[in-house]
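# Descriptive structure summary
Now for the letters of each chain:
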Amino acid sequence: MSDITAKKAKASPTKEFFVNMITRDITLEDSILDLIDNSIDAAWQMAGSHAMTLGDDTDLSAFKITLTLSEDQFTISDNCGGMTLDNAVDHAFSFGRKASQEREEFSIGVYGIGMKRAVFKLGKNVRVRSQFRGDNGSPLSFAVPINVTDWLADERPSWDFDIVEDDVRSEYGVVIIVNELTWPAKTAFGNPAFVENLRRMIARDYSLHLGRGLKIEVGDEQIIGANLELAMSEDFSPMRISYEDKQDGESVSIEMLGGMAAPPPDSVEPDDRFDGDKRFGWYVACNGRIVMAADKSSIAGWGTKDWPQWHRQYAGFIGIVLFSASNTAALPLTTTKRSVDQSSDVYRSAQLKMRDLSKVWIAYTNQRKQALEEAKRKEAAARAVPISLVEVKPAIALPSLNVQRVERPANVHYSVPVQRMKRLARALGNINLTYREVGVRSFEYTYDDFVGDE
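Residues numbered from 1 in each chain as written. Predicted model: local features only at pLDDT ≥ 70, side-chain atom pairs only at ≥ 80, totals over all residues. Heavy atoms only, no water.

All right, on to the overall build of the chain then. Assigned secondary structure in the chain consists of 13 helices and 15 strands. Dimensions of the chain, computed from C-alpha atoms along their principal axes, come out at roughly 100 × 65 × 45 Å. Burial analysis of the chain (454 residues in total) assigns 46% to the buried set. Partitioning the contacts of the chain with sequence separation of at least 6, the portion at a separation of at least 24 is 72%. About 24,200 Å² of surface is accessible on the chain, with carbon and sulfur atoms providing 50% of the total. Computed over 54 positive and 65 negative side-chain charges, the separation of the two mean positions in the chain equals 4 Å. (Helix = DSSP H or I, 4+ residues; strand = E, 2+ residues; numbered from the N terminus. Buried < 20%, exposed > 50% of the residue type's maximum accessible area, 1.4 Å probe, protein only. Contact = heavy atoms within 4.5 Å. Areas by Shrake-Rupley, 256 points an atom, 1.4 Å probe, with all protein chains shown as cover. Lys, Arg positive; Asp, Glu negative; His and termini not counted. Charge placed at Lys NZ, Arg CZ, Asp CG, Glu CD.)

This is the structure:
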């Protein structure tokens, strides 16, 4: 009889299963952003590796990241110092971060799977090239070629990749070339709409880095960072605070700002011109990377206890929370870096302050409806200021309005085909009338016809 206790039930994952699992829930866009994160982490290390605060003036103008997308190939290259050979051997190509691995302080990457997950999502034939400055000051170059199909078919226990010599280039940095694109990547990269949307995402998510001079090019177009601004005047003053918190014993620095970015709409009725502005809501950044933008959902707190759901009336408000931590694992990041971990202690603590700030703005918009003309005059005097220039203030300041008690209004809401609405606007003398203005004029015309003077 054989010794049963000497046997083991094998539990090792297959390569194909593992690759399918880590790429399943990440989009092509987020895969590309993961690769950009690695380049930015390298640039940030070269710049001194410290917390990114609004008052920080670190100059990143020496660093450049270039992306090229086509139906046949994807390439990303940088001049951010390069990956060392030791890092490639011991860490960069491992699936997951080892407990013994020395962490990169104030980085964006945390789980140790970003580059591998990204290239597996994008294609089947990959070459990762790196050039770095050796101990003697001379350039050292190597490459890691990955044939994904052959690697998956190899059932031997080792999951390692070969490292080969590479040609010396003019810059210290990393180049990743992906050929034999996956079908989703091939289709998307040939679509100008996908590329344009990618540019917008990069402009928004890396606005804090771009604002410090970092250059990112997609194709031949250099990305200009999105401007996050808040309005200031004698009557309007955004809140700006900073404080320290702890997540699992690790220190996290938090900065929070919020206030009016634009005047609210005059009406809660739909308006094509106003509703096209999607920038309002809450933003969250982790070590400089914006991971949640213009959020109006329960993730930011809207519609939860003591906090109403987002309403069009609240448009014009922007709130921003910046989390910085030496240990990236302490940040409220999800694996895709596209949202926040709502179970994070530091995020739940911040939400209480976010709620209080939002409620002051909500109260103002309620009051504003009863003193609209006065509010509009005061709002027109406010001027947009970059968030880095907003003064430190413990609370948001908004104008006190002389509320006029008026007859209780009746709100009328109905839907008609857009073309009929526009034809009526033209008949009323102005094709650019808002839906609300068309509705009010229609009511007044009908009222005069059927009721007349009172």
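In this sheet, strand 6 (residues 173-181) lies alongside strand 3 (residues 123-133) in antiparallel orientation, the contact comprising eight bridges. If you follow Arg129 over to strand 6, its bridge partner there is Val175. Bridge analysis of strand 3 against strand 4 (residues 139-147) gives nine bridges, and the strand direction is antiparallel. If you follow Arg129 over to strand 4, its bridge partner there is Ala143. (Pairing = 2+ DSSP bridges.)

This next bit is on helix 1 (residues 15-24). For helix 1, the full list of buried residues reads Lys15, Val19, Ile22 and Thr23. Taken around the axis of helix 1, the buried residues stretch over an arc of 95 degrees, which confines them to a single face. Structurally, helix 1 contributes buried residues whose contacts are with helix 4 (114-122) and helix 5 (148-153). (Arc of directions from axis to C-beta.)

Okay, the sheet that holds strand 5 (residues 164-165) next. Strand order in this open sheet of eight strands is 5-4-3-6-2-1-7-8, and the pairing throughout is mixed. A strand with exactly one partner marks an edge of an open sheet, and here the two such strands are strand 5 and strand 8 (221-222). Direction of pairing for strand 7 (residues 215-218) relative to strand 8: antiparallel, over a ladder of two bridges. In the sheet register, Glu217 faces strand 8, and the bridge partner there is Gln222. Relative to the sheet, helix 7 (residues 192-205) contacts strand 1 (64-69), strand 7 and strand 8, its axis offset from that of strand 7 by approximately 170 degrees. (Axes fitted to C-alpha atoms, helices over the stretch in contact; angles between N-to-C directions.)

A few words now on the sheet that holds strand 13 (residues 289-295). Here five strands make up an open sheet; going across it, the order is 10-11-14-12-13 and the pairing mixed. Two strands bound the open sheet, and with one partner strand each, they are strand 10 (239-247) and strand 13. Strand-to-strand twist in this sheet, taken as the mean axis angle between neighbours without regard to direction, amounts to 15 degrees. Pairing geometry for strand 10 and strand 11 (residues 250-260), over nine bridges, is antiparallel.

This model, assessed by the stated rule, comprises 21 salt bridges. A salt bridge links Arg355 to Asp356; its shortest N-O distance comes to 3.5 Å. Here Asp356 falls in the partly exposed class, since its relative accessible area comes to 43%. Salt bridges here are not isolated pairs; linked through shared partners, they connect Asp34, Asp37, Arg117, Arg289 and Lys337. (Salt bridge = Lys/Arg side-chain N within 4 Å of Asp/Glu carboxyl O.)

This next bit is on the domain arrangement of the chain. What the domain assignment reports for the chain is domain 1 (15-222), domain 2 (229-389) and domain 3 (418-450). A separation of 35 Å is found between the C-alpha centroids of domain 2 and domain 3. (Domains from an automatic or database assignment.)

Glancing now at the nonpolar core. Counting residues in hydrophobic clusters, the biggest one holds 116 residues, and the most contacted among them are Ile36, Phe74 and Phe323. Both domains that furnish three or more residues to this core are identified here as domain 1 (15-222) and domain 2 (229-389). Leave out the neighbours within four places in its chain, and Phe74 touches Ile32, Leu35, Leu67, Thr68, Leu69, Leu122, Ile176, Ile177, Val178, Leu181 and Phe189. (Core = buried A, V, L, I, M, F, W, Y, C linked by side-chain atoms within 4.5 Å.)

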